[in-house]
Amino acid sequence: MAMVEQFKMRRVWEDALEMNVALTLKAKWCKVTVDEYVTASDIEALVSTLSAFNARNGKSPQTWRLNVPLVHVSLTFELANARGTVQINAVVEQMKGDGGDMNASFLFETTMGQLDDLSAQLKRFIRREIDHVDSLRPE
């Protein structure tokens with residue numbers, strides 16, 4: 001079976017203030033892509049959320065929220081079991097106002113090691129060393 005990354009982010013375009021990214025979250029039976037403008041601090045907040053989760057060995061759930069004008073994304077990281085499996089609860093709302101509004105809630109699982117990989121890739125993405133983040137493989 002081919003490895004499937006459950007978190008993908010691609011830099012589409014950027015200027016001095018913000019960047020256009022395509023963020024794809026993939027669970028077993030669904031996939032959601034958000035194409036939106038964000039700032040480096042939005043992505044740094046996700047890195048901080050992952051750091052806080054790791055610092056407590058996953059003992060307390062941590063949530064990252066992206067609230068831009070037409071899109072809200074929430075990712076909550078929590079331990080799914082004693083073996084260190086991490087469950088990620090994703091909630092994505094897009095309010096385009098054109099009859100194409102979307103609300104999706106789903107969850108997927110990964111490992112603490114994969115969270116470390118995601119964090120390292122996000123830091124490189126912020127520093128513009130890479131333009132794609134592909135991480136969070138299922139265990």
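A brief structural summary. Along each chain, the written sequence defines residue order, and numbers are assigned to residues from 1. For this predicted model, a pLDDT threshold of at least 70 governs which residues receive local features, and a threshold of 80 or more governs which side-chain atom pairs are given and counted, while totals over whole chains, interfaces and linings are taken from all residues. The side-chain figures draw on all heavy atoms in the structure; neither hydrogens nor water molecules are used.

Moving on to the overall build of the chain. Put simply, DSSP H or I for four residues or longer makes a helix, DSSP E for two residues or longer makes a strand, and each gets a number counted from the N terminus. Helix and strand content of the chain: two helices and eight strands. In terms of C-alpha radius of gyration, the chain reaches 15 Å, essentially the compact-globule figure of 14 Å for 139 residues. Taking the principal axes of its C-alpha atoms as reference, the chain extends roughly 45 × 35 × 30 Å. Looking at the chain as a whole, 42% of its 139 residues qualify as buried. Within the chain, contacts between residues separated by at least 24 positions form 45% of all contacts whose residues are at least 6 apart in sequence. Surface exposure here means Shrake-Rupley accessible area, sampled with a 1.4 Å probe, where a residue is shielded only by the protein chains that are shown. When the accessible surface of the chain is summed, it comes to about 7,500 Å², and 51% of that surface belongs to carbon and sulfur atoms. Between the mean site of the 16 positive side-chain charges and the mean site of the 19 negative ones, the chain shows a separation of 6 Å. Restricting the calculation to C-alpha atoms gives the radius of gyration, and the globule rule supplies 2.2 Å times the number of residues raised to the power 0.38. Accessibility here uses a 1.4 Å probe with only protein chains present; expressed as a share of the type maximum, an area under 20% marks a residue as buried, one over 50% as exposed, and anything in between as partly exposed. For this analysis, residues touch if any pair of their heavy atoms sits within 4.5 Å. Within this scheme the basic residues Lys and Arg register as positive and the acidic residues Asp and Glu register as negative, but His and the chain ends are omitted. Lys charges are placed at NZ, Arg charges at CZ, Asp charges at CG and Glu charges at CD.

The next point concerns the pairing of strand β8 (residues 132-135). Covered by surrounding structure in β8 are Val133 and Ser135 only, the residues His132 and Asp134 on the alternate face being uncovered. Any two strands are treated as partners once DSSP identifies two or more bridges connecting them. Relative to β8, strand β1 (residues 7-14) runs antiparallel, the two sharing four bridges. Looking at the pairing, methionine 9 lines up with valine 133 of β8.

Okay, helix α2 (residues 112-126) next. The terminal C-alpha atoms of α2, which comprises 15 residues, lie 21 Å apart, in line with the 21 Å expected from a rise of 1.5 Å per residue. Every buried residue of α2 is accounted for by Gln114, Leu115, Leu118, Ser119, Gln121, Leu122, Phe125 and Ile126. Phi turns positive, to about 65°, at arginine 128, one or two residues after α2. Helix span is expected to be 1.5 Å times the residue number reduced by one.

A few words now on the environment of phenylalanine 7. With respect to the helices and strands, the residue phenylalanine 7 is situated in strand β1. With residues up to four places along the chain from it excluded, the contact list for phenylalanine 7 reads Leu23, Thr24, Leu25, Leu46, Leu75, Leu118, Leu122, Val133, Asp134, Ser135 and Leu136.

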